[in-house]
Amino acid sequence: MVMSGQSTTYLIEQLITSKLSKEEFDEFLASLNNPEDRQAYSEVLEAYFTELLNQHECQPESDKQSE
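Here the residue numbering is sequential within each chain, running from 1 through the sequence in written order. With the structure being a predicted model, the display of local features is reserved for residues of pLDDT at least 70 and the display and counting of side-chain atom pairs for 80 or more, all residues being used for whole-chain, interface and lining totals. Excluded from the side-chain calculations are hydrogens and water; all other atoms, namely the structure's heavy atoms, are used.

## A look at helix H3 (residues 35-57)
Condition: By the criteria applied, helices consist of DSSP H or I runs no shorter than four residues and strands consist of E runs no shorter than two, each listed in order from the N terminus. Here the expected length of a helix is defined as 1.5 Å per residue gap, with one fewer gap than residues. Contacts described as polar in this section are N or O atom pairs within 3.5 Å, which, within protein, must combine one atom able to donate a hydrogen with one able to accept it, while residues neighboring in sequence count only if both atoms come from side chains.
Its 23 residues place the ends of H3 33 Å apart at the C-alpha level, agreeing with the 33 Å of an ideal helix rising 1.5 Å per residue. Where H3 begins, the side chain of asparagine 34 points an oxygen toward the backbone nitrogen of glutamate 36, at a separation of 2.7 Å.

In structure tokens form, the structure reads like this:
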């Protein structure tokens, strides 16, 4: 089962925000057996973490020190 890019992104967003239903979690786990789906997840997660890093780098120094 190869998932669409939109479905991959949706499942990752639901996972990150702790809104993944049991059915969606089962779908996510099942898709990890497919190399193409794993690659899609990897790309979505890489983009997500890159965005987090970019947001952190753009914070003023005073905000970073309070962490």
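And the narrative resumes.
## Structural notes on the packing of aromatic side chains
Our working definition: Note on aromatic pairs: the rings of Phe, Tyr and Trp (six-membered ring only in Trp) are paired at centre separations within 6.5 Å, and the planes decide the class, stacked below 30 degrees, edge-to-face beyond 60, tilted for the rest. When a residue's accessible area, from a 1.4 Å probe over protein chains only, is under 20% of the maximum for its type it is buried; when over 50% it is exposed; and in between it is partly exposed.
Scanning the model with the defined rule gives two aromatic pairs in all. Between tyrosine 48 and phenylalanine 49 the ring centres are 5.2 Å apart and the planes differ by 70°, which places this aromatic pair in the edge-to-face class. Look at phenylalanine 49 and you get partly exposed, because its relative accessible area is 46%.

## Quick look at the confidence of the model for the protein chain
Close reading of the predicted structure is inappropriate where its pLDDT is low. The condition is simple: pLDDT is a per-residue confidence score from the predictor, ranging from 0 to 100.
Model confidence for the protein chain is summarised by a mean pLDDT of 85, while 81% of its residues fall at 70 or above. Within the protein chain, helix H4 (residues 61-65) has the poorest average pLDDT of any element, 61, and helix H2 (residues 22-31) the best, 93.

## Remarks on H2
The periodicity of an α-helix, 3.6 residues per turn, causes residues three or four places apart in sequence to face the same way. So the rule is basically this: Regarding the arc, it is the one traced by the directions from the helix axis to the C-beta atoms.
Taken together, the buried positions of H2 are Glu24, Phe28 and Ser31. Taken end-on, H2 shows its buried residues confined to a sector of 70°, consistent with a single buried face. Set apart from the buried face of H2 by more than 90 degrees, the exposed residues are Lys22 and Glu23.

## Quick look at unusual backbone geometry
Backbone geometry places serine 18, a non-glycine residue, at a positive phi of 55°. Here serine 18 is to be found in the loop between helix H1 (5-16) and H2. Serine 18 gets classed as exposed once you look at its relative accessible area, which sits at 68%.

## Thoughts on the environment of leucine 11
Residue position: leucine 11 is located in helix H1. Looking at leucine 11, the relative accessible area reads 1%, which means it is buried.

## A closer look at a nonpolar patch on the surface
Using the following cut-off: Like charges are joined within 9 Å and nonpolar side chains (Val, Leu, Ile, Met, Phe, Trp, Tyr) within 5 Å, but only among residues with over 30% relative accessible area and no salt bridge; these make up the patches. Only the protein chains shown count as covering a residue, and every accessible area follows the Shrake-Rupley method with a 1.4 Å probe. A pair is scored as a salt bridge if a Lys or Arg side-chain nitrogen falls within 4 Å of a carboxyl oxygen belonging to Asp or Glu.
A cluster of nonpolar residues, Ile16, Tyr48, Phe49 and Leu52, forms a patch on the protein surface that exposes about 330 Å² of accessible area. At three residues, the largest contribution of residues to the nonpolar patch is made by H3.

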